[in-house]
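The residues making up each chain are set out below.
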Amino acid sequence: MLNHLLSLNVFLPLIGVFFLLLIKNKNTKIIKTISSSITGIQLWIIFQILAGFNRQKSGLQYVEHSKWTESLSIDFFLGVDGINIIFIALTSIVFFISILTFWKKNKSVKEYLIIFLLLDTGLMGLFLSFDLFMFLLFLGLTLFSLYFLIIVHNDKTKDKFHRLGFVIIIAYSFILLGVLLLIFGNESFSYNMLEISHASSYSHGFEIITFLLLFIGFALLFPIFPFHSWLISSITKLPVYINIIILGIIIKIGAYGLMRLGFYLLPYATIKLSPLLGIIGTVNIIYGALCAITQKDLKNMIGYYSIMQIGFVLLGMATIKGGAVNNFQAAITGISGAWFHIFNHGTIVIILLLLSDIFPLNKIKDIKISENKKWASSIFPGIVILTLFAGFGLPGFSTFISSLFCLVGAIQLSGINIFAMISVIGIALNIFCFFKWFNILFSNFSGNFDSIFSETKKHYIFILLPVIFIILILGIFPDIFLSLINISVENLVKLITMFSVK
Amino acid sequence: MNNFLSLNYFIPEIELCLIAIIIYYSGQNNIKKTRLEKITLIGYVGILASLFFFQSSYSHQGFHHLIVINSLTFLFKFFLIVAGILSFLLYNFYNKHVPSSDAENHFYSIVLILGGFLLISANNLILIFLAIEIIFISVFFLLINEEQNELKTKYLNISISGIISSLIILLTFIFIYGLANTLNLQKICETLIQNSIPETSVILILLMVFIGIGINIVSIIKYYSLKNFNNSYINILVPIVPIIAGFGVGFRIILTIWNMTDYFENNLLALKFALGVIALLVLTIATLLSIIYKKGSRIVKMNVIAHLGFVILGLSVFSMQSFSVALFYLITFLISYIGVIICTGYDQGFKIKISKKGNITLASFGKILFLLSLVSVPFTIGFSSKFALFALLISEGSFHYWFVVVGLINSILMLYVVMRMLHKKITNRRKIENFSKKLPLLILIMGLIIFQFYLAIFWESVVRLLESYLNISG
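Residues numbered from 1 in each chain as written. Chains lettered and ligands numbered in written order. Predicted model: local features only at pLDDT ≥ 70, side-chain atom pairs only at ≥ 80, totals over all residues. Heavy atoms only, no water.

## Observations concerning the overall build of chain A
Next, step 1: Scanning chain A from terminus to terminus reveals 19 helices and two strands.
Next, step 2: Burial analysis of chain A (502 residues in total) assigns 64% to the buried set.
Next, step 3: A fraction of 81% describes how many contacts in chain A between residues 6 or more apart in sequence connect residues 24 or more apart.
Next, step 4: Carbon together with sulfur atoms contributes 67% to the accessible area of chain A, which is approximately 17100 Å² in total. (Helix = DSSP H or I, 4+ residues; strand = E, 2+ residues; numbered from the N terminus. Buried < 20%, exposed > 50% of the residue type's maximum accessible area, 1.4 Å probe, protein only. Contact = heavy atoms within 4.5 Å. Areas by Shrake-Rupley, 256 points an atom, 1.4 Å probe, with all protein chains shown as cover.)

Below is the structure:
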């Protein structure tokens, strides 16, 4: 069984779907228990993978490779390396928390959780696949299950083809076209990502076109300015447990896809177009920060905050140029920072979203004091303060280190350093934004924190505490995380260097 | 082998004629409903058995003056019989029985299948023409018989399209006869090669045949009755039998051309291009029309026509692999379509229904799944077949890249149209109080769903199997 941990991780939710189909709709508790057990087991599997992951070894680990089709040489190929391990970890955390947040809901439980588990399979498969056909399959499963998850559960979208539907179709078509070009543009018509990356047989013009197609597709999912409007409208309309999935992991598909398909398979285009990533990253940072300041709704603010954080990720990814100009350290620092930032954003956004669910802004003044829940009143203000600190990246928190890495990497490279300098303004604006929220949350509120915990949200505190713990631990001991990805990032930079020498 | 009296060639066809006659006389004598059902069912099973017994054993081609029997014709005839049995079952599940109408419906269905059988196997120009007319007329009467009170202009339109199509085919056949001086298809091919008849005229003839048969099939699909979901059996029988029969003869023609590649030395590329362009035109027009429509039934109709375009696109590559992929595409499309029709028939429409307890009904789930399969969403057979088709076109290179781009844009538009429709249906779900359970149909739907997932994963083995089938026939 331990040899097939990755398959188990991918297909376990499907087994869960099978069981859910057999259970009657009214047994909501059993349905929820099974679903949360599945995500819990997944989390345990991820711990097993993390524990057994050799941090000194380059290349893929836990590989599962077998033939799927002969004539088209499509393989069933799963593997884990430093690049995707954090995504599967983040996915399992996000899904586990999302289902806990969903726990008290009793509307459309069965159909929601069936699609929820399908989405889980799609995401796990997407991050672990090393075959382009499988990548496409799981990407499709992910995007279309996400769409159905939203329309099944959300009544506000009635009679309207939800904006996310357009985004999904357009993004998927661009990515599909890009992947088809990747498959049929290489000399051996290979679907294997490793083979393609070692052969690098594309012409320069072909690489640029394919990279741009993939970039547009993934940019829509990121979302990058000006394709961000779907994210803001989704956040305001959707419940917190879906928002956790969207902001926690879905918007990270863009970064992963760009890295796995763009950087590894199209190194020439990556080097040539890396300044473009820097420009777009900087625009995202400044635009996101400015918009976040002006927001009066915490949910909207989180949306723009996420757009800004995506900007940092892009800035970090732009440092890949360092591999081509012999500044390895800058590239390694920047890319590691970007990947660390992805994980950190995933954790912080969970807490912010839960806070936004607890603090509907207009209700803060009406909160009444309750004497019975003293224990909560002592913990909760601390959580709020820590979250806000982590949000703007106070030293000692993981976000500080990751955003610093992105900026330090970028500032060492000529051509990209200017973007790093401009991005510092974004950090200042972000701090200002969070201070504003301090003011809103604490000045309007003079009562006891206990009362904000309605019966349905009491369990949030047990979700918030471990996540805060992760943010603090990673802020103090970032090496726990960085050691996971170091070797893979170094290999990527070497690949780029090798190509630039050629 | 070529003895005209060797009747074993014709046994399934003769059997079909006999059953049609028996049903006709049963109707005349107002026979009991159950007895009529038994006769029809036994007839179908008998035809299936004799098809296996008499026509599947030809490992290689069996030529005759009138018909050809090989593994390919056997495969297509098998599909026809399956469609016939399915439509018969659905007729008995869904329809209110009127004794006189029952017999007429079964009679026309059998005649329609007979026409399909003849067209698939026909080795003679007159027989091909006759088969096309039989199919067309039986479809016409089936539709009229179902909607006697609604004789509208659409039937006039069908007749006009049918007449135009028949005229085109007739003119083409006269032209062929003038060139080759024989009616036998095999001899026509030999004469073409021996007498060095210009390739351009042959290509023109082929395109005329495709257009003639195409107009017929498209007009049937456009006007058939999908709006009345009580008629699930018609929704299966009417578009599927002409499609299977049309592609049956189409595949045979294409395989013959493929065997004559020496003859087409210079103009094969032009033929490929022309076929590809026809395919793109068909699928683009159908897709664009589907954007205008809001009704589920019309969208599905246009989707069916667009899929025919994709199958022709696969055929236009002219290689054994492409034929197998096109055949696979045809099969997957038919499965998805049948799935949609059975599920819509069960739910009496495209509405998504949930039971009193809040569960989504199996039929509604199946409907969503098969509709998604029709627009090639991953993990459905539609995706596997379209991927195989695009892979094939891209590996062919040159102008086929552009075919892929146009095909891809059309697929995306169709995806948008169906997702838009599904969005509405899912958000406006209907709760049903009395959830009637028709167990055999539910088992059928479940079986189709499982089969579709199986094909979606192990599609390559099916493509290979089809390739071996075609190799024997080619």
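Past the structure itself, the notes keep going.
## Considering the packing of aromatic side chains
Next, step 1: Taken as a whole and judged by the stated rule, the model has 46 aromatic pairs over all chains.
Next, step 2: Seen from their ring centres, Tyr202(A) and Phe206(A) are 5.2 Å apart, and the 15 degrees between their planes marks the pair as stacked.
Next, step 3: The lysine or arginine in question, Arg260(A), covers the ring of Tyr264(A), its NZ or CZ lying 5.3 Å from the ring centre.
Next, step 4: Looking at Lys386(B), its charged tip hangs above the ring of Phe310(B), at a distance of 4.2 Å from the centre. (Phe/Tyr/Trp six-rings, centres within 6.5 Å; stacked < 30°, edge-to-face > 60°. Lys NZ or Arg CZ within 6 Å of the ring centre and 35° of its normal.)

## Here's the deal with the interface of chain B and chain A
Next, step 1: Tallying the contact residues gives 30 residues for chain B and 38 residues for chain A.
Next, step 2: Across the chain B to chain A interface the summed buried area is about 3400 Å²; carbon plus sulfur atoms make up 74%.
Next, step 3: For chain B, the biggest contributors to the area lost against chain A are Phe379(B), Phe387(B) and His423(B); these three give 19% of the whole.
Next, step 4: The tally of links between chain B and chain A comes to zero salt bridges.
Next, step 5: The interface formed by chain B and chain A includes two residue pairs in polar contact (both at pLDDT 80 or more).
Next, step 6: Ranked by residue count, the leading element in the side of chain B that touches chain A is helix 15 (residues 400-427) of chain B, at eleven residues.
Next, step 7: The residue inventory of the side of chain B that touches chain A, partitioned by class, reads 19 nonpolar, six polar and five charged. (Buried area = accessible area lost by both parts, 1.4 Å probe. Salt bridge = Lys/Arg side-chain N within 4 Å of Asp/Glu carboxyl O. Polar contact = N/O pair within 3.5 Å; in protein donor to acceptor, adjacent residues only side chain to side chain. Nonpolar A, V, L, I, M, F, W, Y, C, P; charged D, E, K, R; others polar.)

## Focus: empty space enclosed by the protein
Next, step 1: Applying the stated criterion across every chain yields a total of six cavities of 30 Å³ or more.
Next, step 2: In terms of lining residues, the largest cavity is bounded by 15 residues, among which Tyr172(A), Leu176(A), Ser376(B), Phe383(B) and Ser411(B) are the most central.
Next, step 3: Elements with a contribution of two residues or more to the lining of the largest cavity: helix 6 (163-185) of chain A together with helix 14 (381-396) and helix 15 of chain B.
Next, step 4: Residue composition of the lining of the largest cavity, by class: eleven nonpolar, three polar and one charged.
Next, step 5: Taken as a whole, the second largest cavity holds about 80 Å³ of empty space.
Next, step 6: Every residue along the wall of the second largest cavity is listed here: Leu119(B), Ile132(B), Ile135(B), Ile213(B), Asn216(B), Ile217(B), Ile220(B), Pro242(B), Ala245(B) and Gly246(B).
Next, step 7: Among the elements of the structure, helix 5 (125-146), helix 8 (199-223) and helix 9 (232-259) of chain B are those that each provide at least two residues to the lining of the second largest cavity.
Next, step 8: Residue contributions to the lining of the second largest cavity peak at four residues, all from helix 8 of chain B. (1 Å grid on protein atoms, 1.4 Å probe; cavity = no way out; pocket = protein on both sides within 12 Å on 5 of 7 lines; lining within 4 Å. Points joined across faces, edges and corners; volume = space filled by probe spheres on them.)

## A short note on helix 8 (residues 204-221) of chain A
For an α-helix, the turn length of 3.6 residues means that residues three or four places apart are oriented alike.
All names here are of chain A.
Next, step 1: Helix length check: helix 8 (18 residues) gives 26 Å between terminal C-alpha atoms against 26 Å at 1.5 Å per residue, within 8%.
Next, step 2: Burial in helix 8 covers these residues: Glu-207, Thr-210, Phe-211, Leu-213, Leu-214, Phe-215, Gly-217, Phe-218, Ala-219, Leu-220 and Leu-221.
Next, step 3: Of the surrounding secondary structure, the elements contacted by the buried residues of helix 8 are helix 5 (132-153), helix 6, helix 9 (229-237), helix 11 (253-263) and helix 12 (267-294). (Expected span 1.5 Å × (residues − 1).)

## Remarks on the side chain of Asn243(A)
All names here are of chain A.
Next, step 1: In this fold, Asn-243 is placed in helix 10 (residues 240-248).
Next, step 2: A relative accessible area of 0% places Asn-243 in the buried class.
Next, step 3: If near-sequence neighbours (up to four positions away) are discounted, Asn-243 is found in contact with Ser-234, Ile-235, Leu-238, Gly-248, Lys-299 and Leu-353.

## Quick notes on the confidence of the model for chain B
Next, step 1: Residue-level pLDDT values for chain B average 81, and 86% of them are 70 or greater.
Next, step 2: Throughout residues 1-5 of chain B the model reports pLDDT below 50, and contacts reaching past four residues in sequence, or to other chains, amount to eleven contacts. (pLDDT = per-residue confidence, 0-100.)

## Here's the deal with a nonpolar patch on the surface
Next, step 1: A contiguous nonpolar surface patch, about 590 Å² in accessible area, is contributed by Ile14(B), Leu18(B), Ile21(B), Ile22(B), Tyr24(B) and Tyr25(B).
Next, step 2: As for its position among the elements, Ile14(B) is in helix 1 (residues 11-28). (Patch = residues over 30% accessible without salt bridge, like charges linked within 9 Å, V, L, I, M, F, W, Y side chains within 5 Å.)

## Considerations on the environment of Tyr460(A)
Residues and elements named next belong to chain A.
Next, step 1: With respect to the helices and strands, Tyr-460 occurs in helix 18 (residues 460-476).
Next, step 2: You can call Tyr-460 buried: its relative accessible area is 3%.
Next, step 3: Spatially, the C-alpha atom of Tyr-460 lies 8.4 Å from that of Leu-100, the residues being 360 residues apart in sequence.

## Section: the side chain of Lys110(A)
Next, step 1: Within the secondary structure, Lys110(A) is located in helix 4 (residues 109-128).
Next, step 2: Of note is the side chain of Lys110(A), whose polar atom sits 2.8 Å from the backbone oxygen of Ile23(A).

## Overview of helix 14 (residues 328-358) of chain A
Next, step 1: Taking 1.5 Å per residue, 31 residues should reach 45 Å; helix 14 of chain A reaches 45 Å between its end C-alpha atoms and fits that length.
Next, step 2: The buried fraction of helix 14 of chain A amounts to 29 of the 31 residues, a majority that puts the element mostly inside the structure.

## Some remarks on the packing of helix 6 of chain A against helix 14 of chain B
When two helices pack together, their arrangement is captured by the angle between the axes and the distance separating the axes.
Next, step 1: Following both chains from N to C, one finds helix 6 of chain A and helix 14 of chain B inclined at 45 degrees, their axes separated by 11 Å at the closest point. One finds that helix 6 of chain A runs oblique with respect to helix 14 of chain B. Between helix 6 of chain A and helix 14 of chain B lies a crossing whose hand is right-handed. Facing Tyr172(A), Leu180(A), Ile183(A) and Phe184(A) of helix 6 of chain A, the residues of helix 14 of chain B in contact are Phe383(B), Phe387(B), Ala391(B) and Ile394(B). (Axes fitted to C-alpha atoms, helices over the stretch in contact; angles between N-to-C directions. Parallel < 35°, antiparallel > 145°, perpendicular 65-115°, else oblique. Left-handed = near helix turned anticlockwise from the far one by under 90°.)

## Digging into unusual backbone geometry
Most peptide bonds adopt trans geometry, and most residues besides glycine take a negative phi value.
All names here are of chain A.
Next, step 1: The omega angle of the peptide bond from Phe-222 to Pro-223 is 0 degrees, so this bond is cis rather than trans.
Next, step 2: Looking at the element boundaries, Pro-223 is found in the loop between helix 8 and helix 9.
Next, step 3: In this structure, Tyr-62 is a non-glycine residue whose phi angle is positive, near 55 degrees.
Next, step 4: Along the chain, Tyr-62 falls in strand 1 (residues 61-67).
Next, step 5: Of the residues examined, Tyr-62 reaches a relative accessible area of 22% and is grouped as partly exposed.

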